[in-house]
Amino acid sequence: HCFTMCKKTISTVLCFSLCCTLSISTAQTKSEKKEVKRALKDGQNYLYNEDYAAAWNEYRHALSLDKKNDVATVNGAYCLYKLNYEADSAMRLAPNLTTSRSPDAKYFLARIRHSQRSFDEAISLLEHYNTTPPKDRLISIDETNYLLNICKNAKNFTARPHRSIIRNIGPAINSRFQDYV
């Protein structure tokens, strides 16, 4: 009889602690969702006012809470682009850009692929992005075509590299005269 009583008490305590744990984790999830929503709203306001550094900080915060957030990924990549960061800086966004449904993700992913020397993939992404109507995109067709031409040239130049021989011409370049003005 005592064993049955202890068993019921232990199961009740375990059940209660499990319920408390679940309710706490749900509360954290709700607060995180609220925080992500706030960060996205603030990021959008900064983006609208062309404060790209502050917007990037908000989108980065949203991504720290929700790693798969599509809006934060694309808008964050746009901020990095406007801040003239190298495409490598957006490398950690590449997995999300790959799965994104946003047409603009293709442009930013193409910039990353270009820096990785995956020119065929970059060209394909840019050509697909050019089919997006101008009103539904962040980057103009002229800018997209410019990057497309860069990718095509890079593909051609890396396919047929110039054969150069570099020689040390030694003393001929370092004369005893002062060669500066």
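Residues numbered from 1 in each chain as written. Predicted model: local features only at pLDDT ≥ 70, side-chain atom pairs only at ≥ 80, totals over all residues. Heavy atoms only, no water.

J.: If you had to explain the nonpolar core to someone new, which residues and values would you point to?
T.: Leu93, Leu97, Tyr107 and Phe108 are the most contacted members of the largest nonpolar core, which has 36 residues in total. For this core, the element with the highest residue contribution is helix 3 (residues 70-82), accounting for seven residues. Leaving out residues up to four positions away in the same chain, phenylalanine 108 has contacts with Val74, Ala77, Tyr78, Tyr81, Leu97, Leu138 and Ile139. (Core = buried A, V, L, I, M, F, W, Y, C linked by side-chain atoms within 4.5 Å. Buried < 20%, exposed > 50% of the residue type's maximum accessible area, 1.4 Å probe, protein only. Helix = DSSP H or I, 4+ residues; strand = E, 2+ residues; numbered from the N terminus. Contact = heavy atoms within 4.5 Å.)

J.: Requested: an account of the pattern of salt bridges, with residues and values cited.
T.: Under the defined criterion, the tally for this structure stands at six salt bridges. Note that arginine 38 and aspartate 42 form a salt bridge whose closest N and O atoms lie 2.3 Å from each other. Here arginine 38 pairs with aspartate 42, and both are found in helix 1 (residues 2-48), just four residues apart, close to one helical turn. The exposure class assigned to arginine 38 is partly exposed, which follows from its relative accessible area of 33%. For aspartate 42, a relative accessible area of 23% translates into the label partly exposed. Here glutamate 58 makes a salt bridge to arginine 38, at a shortest N to O gap of 3.4 Å. (Salt bridge = Lys/Arg side-chain N within 4 Å of Asp/Glu carboxyl O.)

J.: Requested: an account of the packing of helix 2 (residues 52-65) against helix 3, with residues and values cited.
T.: Where helix 2 contacts helix 3, the two axes come as close as 9 Å, and the packing angle between them is 150°. Judged by the angle between their axes, helix 2 and helix 3 are roughly antiparallel. Of the two possible hands of crossing, helix 2 and helix 3 adopt the one that is left-handed. The segment helix 2 lies against helix 3, with Tyr52, Ala55, Trp56, Tyr59, Ala62 and Leu63 engaging Ala72, Thr73, Asn75, Gly76, Tyr78, Cys79, Leu80 and Lys82. In the contact of helix 2 with helix 3, the residues fall into 10 nonpolar, three polar and one charged. (Axes fitted to C-alpha atoms, helices over the stretch in contact; angles between N-to-C directions. Parallel < 35°, antiparallel > 145°, perpendicular 65-115°, else oblique. Left-handed = near helix turned anticlockwise from the far one by under 90°. Nonpolar A, V, L, I, M, F, W, Y, C, P; charged D, E, K, R; others polar.)

J.: I'd love a proper account of the packing of aromatic side chains, names of residues and values included.
T.: Applying the stated rule across the entire model yields seven aromatic pairs. An angle of 80° between the planes, with centres 5.7 Å apart, marks the rings of tyrosine 81 and tyrosine 107 as edge-to-face. With tyrosine 81 in helix 3 and tyrosine 107 in helix 5 (residues 104-115), this pair connects stretches of sequence that are 26 residues apart. The residues tyrosine 81 and tyrosine 107 share a single accessibility class, namely buried. For the pair tyrosine 107 and phenylalanine 108, a centre-to-centre distance of 5.4 Å together with 85° between the ring planes defines the contact as edge-to-face. Each of the two residues, tyrosine 107 as well as phenylalanine 108, counts as buried. The aromatic ring of tyrosine 129 is capped on one face by arginine 137, whose charged end is 4.1 Å from the ring centroid. (Phe/Tyr/Trp six-rings, centres within 6.5 Å; stacked < 30°, edge-to-face > 60°. Lys NZ or Arg CZ within 6 Å of the ring centre and 35° of its normal.)

J.: Pulling in residues and values, what's your account of the packing of helix 3 against helix 5?
T.: For the pair helix 3 and helix 5, the least separation of the axes is 10 Å and the interaxial angle reads 50°. Our classification of the angle between helix 3 and helix 5 gives oblique. The chirality of how helix 3 crosses helix 5 is left-handed. On helix 5, the residues that touch Val74, Ala77, Tyr78 and Tyr81 of helix 3 are Asp104, Ala105, Tyr107, Phe108 and Arg111. Looking at the contact of helix 3 with helix 5 residue by residue, the classes come out as seven nonpolar, no polar and two charged.

J.: Mind laying out helix 5, listing which residues take part and the relevant values?
T.: Compared with the 16 Å implied by 1.5 Å per residue over 12 residues, the 18 Å span of helix 5 between its first and last C-alpha is a close match. Considered for burial, the residues of helix 5 that qualify are Asp104, Ala105, Tyr107, Phe108, Leu109, Ala110, Ile112 and Arg113. Elements in contact with the buried residues of helix 5: helix 3, helix 4 (94-99), helix 6 (119-129) and helix 7 (141-159). Phi turns positive one or two residues past the end of helix 5, at arginine 117, with a value near 65°. (Expected span 1.5 Å × (residues − 1).)

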